[in-house]
Amino acid sequence: MRSCLAKVTACAGERVGRTIEAGIERMAKAKKKGPHDEVLLALRAFGMRYPGVHYKSPWPGHMDLAVNDKTFAYLSLEGEPLNISCKLPRSKDVALMLPNTKPTAYGLGRSGWVSASFEDGLGPDLAMLQAWIDESYRAQAPKRLIKQLDGDAPAPVAAKKKAAKKKAAKKKAAKK
């Protein structure tokens, strides 16, 4: 009984050791600077400027942009080839004409999602990818955030209350 337990423990320890080693190797690879890391970081910074945006990482190998917990841009990690997927309801047909694009897997392509991959040789067009992020954000974000983005946002509730109090104070002063 004891020898069986020792064998199981040794096997489990070996497996854990291999798993830890594999994790360390993955982290080391991820820390290597990729050829498109600057573009990737610029895209993340661009996307984070939108109202209500946060990072979302539902599975390893992604650092996605989301609004209201709905992803609008799937992005790869630094040190890896640049991959991006966005929902493009207006421009998907044009985007799919590019050589490095395809409909996004898992059935998302049917809903207007387009994926682009940029290996070492292909240089991504930052302005085009920013336009994709903008279109995708507008497709996924709630209307109230889009209004805020376009400058049509309603006045905040606190400002409305202050204005109502001022108006009431003026009426009281006029009655006296």
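Residues numbered from 1 in each chain as written. Predicted model: local features only at pLDDT ≥ 70, side-chain atom pairs only at ≥ 80, totals over all residues. Heavy atoms only, no water.

## Quick notes on the overall build of the chain
Helix and strand counts for the chain stand at six helices and six strands. Listed by position from the N terminus, the elements making up the chain come as α-α-β-β-β-β-α-β-β-α-α-α. Residue pairs at least 24 apart in sequence account for 54% of intrachain contacts in the chain once pairs closer than 6 positions are excluded. Accessible surface for the chain amounts to roughly 12,000 Å². Of this, 60% is attributable to carbon and sulfur atoms. (Helix = DSSP H or I, 4+ residues; strand = E, 2+ residues; numbered from the N terminus. Contact = heavy atoms within 4.5 Å. Areas by Shrake-Rupley, 256 points an atom, 1.4 Å probe, with all protein chains shown as cover.)

## Quick look at the packing of helix H2 (residues 37-48) against helix H4 (residues 126-140)
Packing of H2 against H4 brings their axes to within 10 Å, and their N-to-C directions diverge by 35 degrees. Remark: the crossing between H2 and H4 carries right-handed chirality. Of the residues in H4, those in contact with Val39, Ala42, Leu43, Phe46 and Gly47 of H2 are Leu126, Leu129, Gln130, Ile133 and Asp134. Here the contact of H2 with H4 is built from residues that sort into seven nonpolar, two polar and one charged. (Axes fitted to C-alpha atoms, helices over the stretch in contact; angles between N-to-C directions. Left-handed = near helix turned anticlockwise from the far one by under 90°. Nonpolar A, V, L, I, M, F, W, Y, C, P; charged D, E, K, R; others polar.)

## Things to note about the sheet that holds strand E1 (residues 53-56)
Read across the sheet, six strands follow the order E1-E2-E3-E4-E6-E5 without closing on themselves; strand pairing throughout is antiparallel. In the strand order of this sheet, the two ends are held by E1 and strand E5 (101-103), each with one partner. Taking the axes of each pair of neighbouring strands and ignoring which way they run, one obtains an average angle of 25 degrees across the sheet. Relative to strand E4 (residues 82-87), strand E3 (residues 70-75) runs antiparallel, the two sharing three bridges. Bridging from a neighbouring strand, Ala73 pairs with Cys86 of E4. Sitting on the sheet, H4 is in contact with E1, strand E2 (64-67), E3, E4, E5 and strand E6 (113-118), with an inclination near 40 degrees to E4. (Pairing = 2+ DSSP bridges.)

## Re the pattern of salt bridges
Oppositely charged side chains are able to pair whenever their charged atoms sit close together. Here the structure, examined in full by the defined rule, presents three salt bridges. Here Glu78 and Arg44 are joined by a salt bridge, their closest N and O atoms 2.6 Å apart. Taken as a pair, Glu78 in the loop between E3 and E4 and Arg44 in helix H2 lie far apart in primary sequence, 34 residues in all. For Arg44, a relative accessible area of 4% gives the class buried. We note a salt bridge from Arg138 to Asp150, for which the minimum N-O separation is 3.0 Å. Of this pair, Arg138 sits in helix H4 while Asp150 is found in helix H5 (residues 143-150), placing the two residues 12 residues apart along the sequence. On the accessibility criterion, Arg138 (28% relative accessible area) is partly exposed. (Salt bridge = Lys/Arg side-chain N within 4 Å of Asp/Glu carboxyl O. Buried < 20%, exposed > 50% of the residue type's maximum accessible area, 1.4 Å probe, protein only.)

## Re the pairing of E4
Hairpin connection between E3 and E4: a loop of six residues separates the two successive antiparallel strands, and Gly79 in this loop has a positive phi of roughly 90 degrees. Looking at chain direction, E4 and E6 are connected through six bridges and run antiparallel. Paired with Ile84 across the strands is Ala116, a residue of E6.

## Points about unusual backbone geometry
Even without a glycine there, the phi angle at Asn68 is positive, about 55 degrees. Taking relative accessible area as the criterion, Asn68 reaches 47% and is therefore assigned partly exposed. With a phi close to 60 degrees, Tyr106 is a non-glycine residue in the positive phi region. For Tyr106, a relative accessible area of 85% corresponds to the exposed category.

## Re H4
The end-to-end C-alpha separation of H4 is 21 Å, in line with the 21 Å expected for 15 residues at 1.5 Å each. Three or more residues of H4 are buried, namely Leu129, Trp132, Ile133, Asp134, Glu135, Ser136, Tyr137 and Gln140. At the N-terminal boundary of H4, the capping side chain belongs to Asp125, with an oxygen 3.3 Å from the backbone nitrogen of Ala127. (Expected span 1.5 Å × (residues − 1). Polar contact = N/O pair within 3.5 Å; in protein donor to acceptor, adjacent residues only side chain to side chain.)

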